[in-house]
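The primary structure of each chain is shown beneath.
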Amino acid sequence: MAEAHQAVAFSFAITHEGFDINYDQEVLNLIWTSGYRSWKKRLARARNGIRNGVYPAHIHSLWLITAIALGLHFAGFQTPFNIVNRILVHLPANTINWQVTACFLASLVIWLGICFTMRYTLKLLLMYKGWMYESRAPGSKTSLRTKLWAGAVKVFSSWNKPGLYSFQGSLPRLTLPSVKDTMQRYLRSVRPLLDDEQYQRMERLANEFESTIGKKLQWYLILKSWWSTNYVSDWWEEYVYLRGRSPLMINSNFYGTDAIFMDLTHNQAARAANICHLLLNFRRLIERQELQPIMVQGIVPLCSWQYERTFNTVRAPGLETDRIVHYKDSNHIVVLHKGCYYKVLIYYKGRLLRPCEIQIQMEEILKSKATPLPGEEHLAALTAWNRSKWAEARNTYFSRGVNRVSLNTVESAAFVVSLDEVPFEFDLNRPELLDNFGKTLLHGNGYNRWFDKSFTVCVGTNGRVGFNAEHTWADAPVMGHTWEYIFGDDIYGYDENGNTKGTPEFQPPSPTRLNWQLEPCLPQIEEATLDANKLINDVDLRILVHNQYGKGFMKKCRLSPDAFIQMALQLAYYRDAGRFSLTYEASMTRLFREGRTETVRPCTIESAAWVKAMENKNSTMEERIALLQKACERHQLGYQDAMCGRGIDRHLFCLYVVSKYLEVDSPFLNEVLSEPWRLSTSQTPHGQTPKMDLKKHPNCISSGGGFGPVADDGYGVSYIIAGEDLIFFHISAKNSCATTDVHRFADNICKALADIRAMFEENMKKNPPPQKKSTAAIANGNSTAK
């Protein structure tokens, strides 16, 4: 009951002498500062809303136009369209004050007209996607049309410094492909996977769908594309993520690692404190919209919609469907250590705590002798459980009393921090250490990550960090941007003793243990723990460090690094499985408003022809190189189509959703949507922020992150091209599948990359590139000719 008494801000009693009022000044001050901070945020949101609404125009330009209108009117000149006099007719009088009012209203009308003209002009410019298909190879020329377009976009974008969401109103809607185009692309994508008889059957199904039910379903999608901001994103979030009943751990959540070549500090509390402080600063940048939107080639903005839910967000389980809950504000984080949960206040005396002050809180938790309450140690296993079972337990045991209060504290936290009891180790000579690092971040022990939260920061005993992120609220590049951004400042956060820099100004508030009454749900917690262990024991993970060469050599071969790696994966999978497989590669559609992802299908007719040539001993080196170049070109075209809204799979997915709403059965859609992705791949983006200067700190390279396998008999492969001579592959598969093996597949990737390199090196020896003459040699040649 002590906590309850401390929570009372004031009390009063009636005595013979009158009223006796007692109040806790510190608690009242806490309430005042909390309310003051909340109102400041509301005003800031309102200001940013106005600024973004008129972008690319500047809000201060209103006063300039007002001054011009006043000058024109009182100098005896007419304003455009005689707006001032037209407004003045409807006002009560013709006095000076009403004339000024009329001038201001006229200025407002003209200003809004200019704002919306600029905004929709920028929107029309951003609809142009021709720049995506122009070659960026050295020596290639940019078309005049694209040059003029780029110049116009730069003029409009540089007119006013944008906030994080300034471009949202100017981004175009995701384009809806025609059924005919999607059918053609789909049939071409499955051709290498089917024999002649199977292909003819699929072609017949596709033609039948296109000429019958496909037309009706497309009309509904056309209506949705006109009415909604994005015809895909809400259904994608609902049916792919929120309605999924499988555990989030391994099946949905993904992880990211530390900058493994850097050893900033071995102090667990210091690293946790500095990372928390940097993340909270990043949250403030998002809230104030001071974070600059990512611009492709410095010109084209990407949609920033997903950033809004980075912090203070949780995926709450439901019996049939989950829901994303985003809290507008949170003044605490939750720390998990040795099975105990702590609420840690991050604001005190009107400001955010400094790293050195948060370190004191972390040290207090690490030194605590507290032991978990019954069931508390394995509590988080519920978030790694089947979603319907977790929802049922949540409704039964966490909907009232102390459990409800504590669960709300966890779910409303800015994020969760797990102070692990093991080190996160890395050694190039011991690859199993990095594998264990990845496994620890992917699933931990099944109950030391709160898998429902937008992300959990994990800190090892040796000071290394990583994260485990829930996938529904955003895609991996958003979390990757967050992680990369804070690393740019984390480098400078520690003194020579490994502690955070700075001196505390005061003793920060002590962490508060969360209280639970879990005895009634101990059977559910035990069952969830057992199920989590089964999942963990069934997944295997291998992190391959490929340091023989990287994007430097790939560019020398005049090939896209992503296409290069995807072709290597196709060759590796063919050697591993003895056949081709439907392959998933994630690309983004954030060139459009509220865009998320689209699928690139790397297994193409061209890639299959190249793989077969590589396995054919009679094929020549020249043939293999020519086929690889064609395969990479086709892959690039597929990637460009996906980014420009001309993909295959999201359109088919939405057609399938409409068919289910209409209760119309489509054999074609049923077959397409049930095809397994036995090779699911994703590239972790790198260099999304200029804060990380790799020239100054070449070791500040993250090894990226990974995810679990999508198919029971398939591989999940995430890769990051981390440098000129470094690539990391995160390969996952299930132990229960007899046909997959992550170590064998990693060896096949290494062999495929080595064979491609050997092929190009042999070609370079036979056909050395022409040497550039020096200035002196050119001069000598010219004099000789004379």
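Residues numbered from 1 in each chain as written. Predicted model: local features only at pLDDT ≥ 70, side-chain atom pairs only at ≥ 80, totals over all residues. Heavy atoms only, no water.

*Asks:* Where do I start with the overall build of the chain in this structure?
*Replies:* When its secondary structure is counted, the chain shows 25 helices and 22 strands. By the compact-globule yardstick of 28 Å for 786 residues, the chain fits well, its C-alpha radius of gyration being 30 Å. Overall size of the chain, expressed as C-alpha extent along the three principal axes, is 110 × 85 × 70 Å. Buried positions account for 53% of the 786 residues belonging to the chain. Taking the intrachain contacts of the chain between residues at least 6 apart in sequence as the baseline, contacts between residues at least 24 apart amount to 78%. Summed over all atoms, the accessible surface of the chain reaches about 36,700 Å², with 55% contributed by carbon and sulfur. With 89 positive and 78 negative side-chain charges, the chain shows a spacing of 9 Å between the two charge centroids. (Helix = DSSP H or I, 4+ residues; strand = E, 2+ residues; numbered from the N terminus. Rg over C-alpha atoms; globule rule 2.2 N^0.38 Å. Buried < 20%, exposed > 50% of the residue type's maximum accessible area, 1.4 Å probe, protein only. Contact = heavy atoms within 4.5 Å. Areas by Shrake-Rupley, 256 points an atom, 1.4 Å probe, with all protein chains shown as cover. Lys, Arg positive; Asp, Glu negative; His and termini not counted. Charge placed at Lys NZ, Arg CZ, Asp CG, Glu CD.)

*Asks:* What exactly am I supposed to notice about the side chain of Thr-313 here?
*Replies:* In this structure, Thr-313 sits in strand S6 (residues 313-316). Relative accessible area serves as the criterion here: at 1%, Thr-313 is assigned to the buried category. Apart from residues no more than four positions distant in its own chain, Thr-313 is found in contact with Ile-324, Val-325, His-326, Ala-413, Lys-453, Ser-454 and Trp-473.

*Asks:* Is there a simple way to explain the packing of aromatic side chains in this structure?
*Replies:* Centre-to-centre distance and the angle between the planes together describe a pair of aromatic rings. A full pass over the atoms with the stated rule returns 32 aromatic pairs. Relative to Trp-677, the ring of Tyr-584 lies with its centre 5.2 Å away and its plane at 85°, an arrangement referred to as edge-to-face. Of this pair, Tyr-584 sits in strand S17 (residues 583-588) while Trp-677 is found in the loop between helix H23 (667-673) and strand S19 (679-683), placing the two residues 93 residues apart along the sequence. Here Tyr-584 and Trp-677 have matching classes, each one buried. Chaining the aromatic ring pairs together yields one cluster made of Tyr-341, Trp-390, Phe-398, Trp-450 and Trp-516. Stacked on the ring of Tyr-199, the Lys or Arg Arg-191 has its end atom at 4.5 Å from the ring centre. (Phe/Tyr/Trp six-rings, centres within 6.5 Å; stacked < 30°, edge-to-face > 60°. Lys NZ or Arg CZ within 6 Å of the ring centre and 35° of its normal.)

*Asks:* Would you take a moment to explain the packing of helix H21 (residues 621-643) against helix H24 (residues 742-766) for this structure?
*Replies:* When two helices pack together, you describe them by how their axes are tilted relative to each other and by the distance separating the axes. Two elements in contact, H21 and H24, have axes whose closest approach is 10 Å; the angle formed by their N-to-C orientations is 115°. Between H21 and H24 lies a crossing of left-handed hand. Judged by residue contacts, Met-621, Glu-622, Arg-624, Ile-625 and Leu-628 of H21 engage Ile-756, Met-759, Phe-760, Glu-762, Asn-763 and Lys-766 from H24. Grouping the constituent residues of the contact of H21 with H24 by class yields 6 nonpolar, 1 polar and 4 charged. (Axes fitted to C-alpha atoms, helices over the stretch in contact; angles between N-to-C directions. Left-handed = near helix turned anticlockwise from the far one by under 90°. Nonpolar A, V, L, I, M, F, W, Y, C, P; charged D, E, K, R; others polar.)

*Asks:* I tried to follow the pattern of salt bridges on my own but got confused; where do I start?
*Replies:* Pairs can form between side chains of opposite charge once their charged atoms are near each other. Evaluated as defined, the whole model comprises 37 salt bridges. The partner of Arg-430 in a salt bridge is Glu-432, and the shortest N-O contact between them spans 3.2 Å. Residue classification places Arg-430 among the partly exposed positions, given a relative accessible area of 43%. For Glu-432, a relative accessible area of 37% puts it in the partly exposed group. Through salt bridges with shared partners, a single ionic network connects Arg-245, Arg-315, Asp-322, Arg-387, Asp-452 and Glu-470. (Salt bridge = Lys/Arg side-chain N within 4 Å of Asp/Glu carboxyl O.)

*Asks:* Help me understand helix H9 (residues 213-227) in this model?
*Replies:* Counting along an α-helix, one turn takes 3.6 residues, and residues three or four places apart therefore face a common direction. Taking 1.5 Å per residue, 15 residues should reach 21 Å; H9 reaches 22 Å between its end C-alpha atoms and fits that length. The set of residues buried in H9 consists of Ile-213, Gly-214, Leu-217, Gln-218, Leu-221, Lys-224 and Ser-225. Down the axis, H9 shows its buried residues gathered within 120° of arc, on one side only. Turned more than 90 degrees away from the buried face of H9 sit Lys-215, Trp-219, Leu-223, Trp-226 and Trp-227, all of them exposed. Buried residues in H9 make contact with helix H7 (179-190), helix H8 (196-211), helix H10 (233-242), helix H22 (649-661) and H23. (Expected span 1.5 Å × (residues − 1). Arc of directions from axis to C-beta.)

*Asks:* Before we go on, may I ask you to explain the UniProt feature "transmembrane region" (unreviewed entry) in the chain in this structure?
*Replies:* When the UniProt feature table is mapped onto this chain numbering, "transmembrane region" (unreviewed entry) sits at residues 55-76 and 96-122. Taken end to end, residues 55-76 comprises 64% helix and 0% strand; its first and last C-alpha atoms sit 32 Å apart. The annotated region residues 96-122 carries 100% helix and 0% strand content, and the separation between its end C-alpha atoms amounts to 39 Å. (UniProt positions renumbered as here; feature names shortened; annotations may be inferred.)

*Asks:* Where do I start with empty space enclosed by the protein in this structure?
*Replies:* By rolling a water-sized probe across the atoms, one finds the places where empty space is left. One pass over the full model with this rule turns up 3 cavities of 30 Å³ or more. The space that makes up the largest cavity amounts to roughly 60 Å³. Contributing to the lining of the largest cavity are Asp-258, Ala-259, Met-262, Leu-264, Arg-271, Arg-464, Phe-487, Asp-490, Ile-491 and Cys-700. In terms of residue class, the lining of the largest cavity is made up of 6 nonpolar, no polar and 4 charged. (1 Å grid on protein atoms, 1.4 Å probe; cavity = no way out; pocket = protein on both sides within 12 Å on 5 of 7 lines; lining within 4 Å. Points joined across faces, edges and corners; volume = space filled by probe spheres on them.)

*Asks:* Looking at this structure, how should I read the sheet that holds strand S18 (residues 597-600)?
*Replies:* Backbone hydrogen bonds hold the strands of a sheet together, and the pairing may be parallel or antiparallel. The strand order across the open sheet formed by 6 strands is S16-S22-S21-S19-S17-S18, and the pairing between neighbours is mixed. Strands with a single pairing partner mark the edges of an open sheet, and in this sheet they are strand S16 (539-546) and S18. Strand-to-strand, the axes of this sheet are offset by a mean angle of 25°, without reference to chain direction. Of the strand pairs in this sheet, S17 and S19 are connected by 3 bridges, and their pairing is parallel. Within S19, the residue paired with Thr-583 across the bridge is Leu-679. Strands in contact with helix H15 (residues 431-442) are S16 and strand S22 (726-734); relative to S16, the strand with the most contacts, it is inclined by about 125°. (Pairing = 2+ DSSP bridges.)

*Asks:* Sorry, what's going on with the sheet that holds strand S3 (residues 254-256) here?
*Replies:* With mixed pairing, 8 strands are arranged side by side in an open sheet as S15-S9-S8-S12-S13-S14-S3-S20. Each edge of the open sheet carries a strand with a single partner, namely strand S15 (512-513) and strand S20 (705-707). Examined bridge by bridge, strand S12 (residues 416-419) and strand S13 (residues 455-459) share 4 bridges and lie parallel to one another. Within S13, the position partnered with Ser-418 by the bridge is Cys-458. Each of strand S8 (332-337), strand S9 (340-345) and S12 touches helix H14 (residues 401-411); the most contacted strand, S8, lies at about 105° to it. Sheet contacts for H15: S3, S13, strand S14 (465-469) and S20; angle to S14, the most-contacted strand, approximately 45°.

*Asks:* Help me understand the environment of Arg-387 in this model?
*Replies:* Of note, Arg-387 is situated in helix H13 (residues 387-397). Among the residues examined, Arg-387 registers a relative accessible area of 0% and is labelled buried. Placed 300 residues apart in sequence, Arg-387 and Gly-687 show a C-alpha to C-alpha distance of 36 Å. There is a polar contact of 2.7 Å between the side chain of Arg-387 and the side chain of Asp-322. (Polar contact = N/O pair within 3.5 Å; in protein donor to acceptor, adjacent residues only side chain to side chain.)

*Asks:* Quick question: what am I supposed to make of the pairing of S17 here?
*Replies:* Each regular strand displays side chains that alternate between the two surfaces of the sheet. Relative to S18, S17 runs antiparallel, the two being bridged by 4 bridges. What sits directly across from Met-588, in S18, is Thr-597.

*Asks:* How should the nonpolar core be read in this particular structure?
*Replies:* The nonpolar side chains of a soluble globular protein tend to be buried with one another. Counting residues in hydrophobic clusters, the biggest one holds 117 residues, and the most contacted among them are Ile-333, Phe-415 and Phe-668. By residue number, the principal contributor to this core is helix H11 (residues 268-287), which donates 11 residues. Counting residues in each nonpolar core, the second largest holds 44 residues, with Phe-580, Met-614, Val-717 and Ile-749 among its members. (Core = buried A, V, L, I, M, F, W, Y, C linked by side-chain atoms within 4.5 Å.)

*Asks:* Help me understand the pairing of S6 in this model?
*Replies:* Along S6, one buried face is formed by Thr-313 and Arg-315 and the opposite face, lined by Val-314 and Ala-316, is buried too. Pairing geometry for S6 and strand S7 (residues 323-326), over 4 bridges, is antiparallel. Within the sheet, the bridge partner assigned to Arg-315 lies in S7 and is Ile-324. Counted along the chain from S6 to the antiparallel partner S7, the turn is 6 residues long.

*Asks:* Quick question: what am I supposed to make of the side chain of Ser-718 here?
*Replies:* Along the chain, Ser-718 turns up in strand S21 (residues 715-723). Looking at Ser-718, its side chain comes within polar contact range of the side chain of Thr-684, at 3.3 Å. When sequence neighbours within four positions are dropped, the list of residues in contact with Ser-718 reads Ser-682, Thr-684, Gly-705, Gly-706, Phe-707, Phe-728, Phe-729 and His-730.

*Asks:* Which parts of the structure should I look at to understand a nonpolar patch on the surface?
*Replies:* Among the surface-exposed residues, Trp-63, Phe-104 and Leu-105 lie close enough to one another that they form a single nonpolar patch of about 290 Å² accessible area. In this fold, Phe-104 is placed in helix H5 (residues 96-126). Assessed through its relative accessible area of 32%, Phe-104 is described here as partly exposed. (Patch = residues over 30% accessible without salt bridge, like charges linked within 9 Å, V, L, I, M, F, W, Y side chains within 5 Å.)

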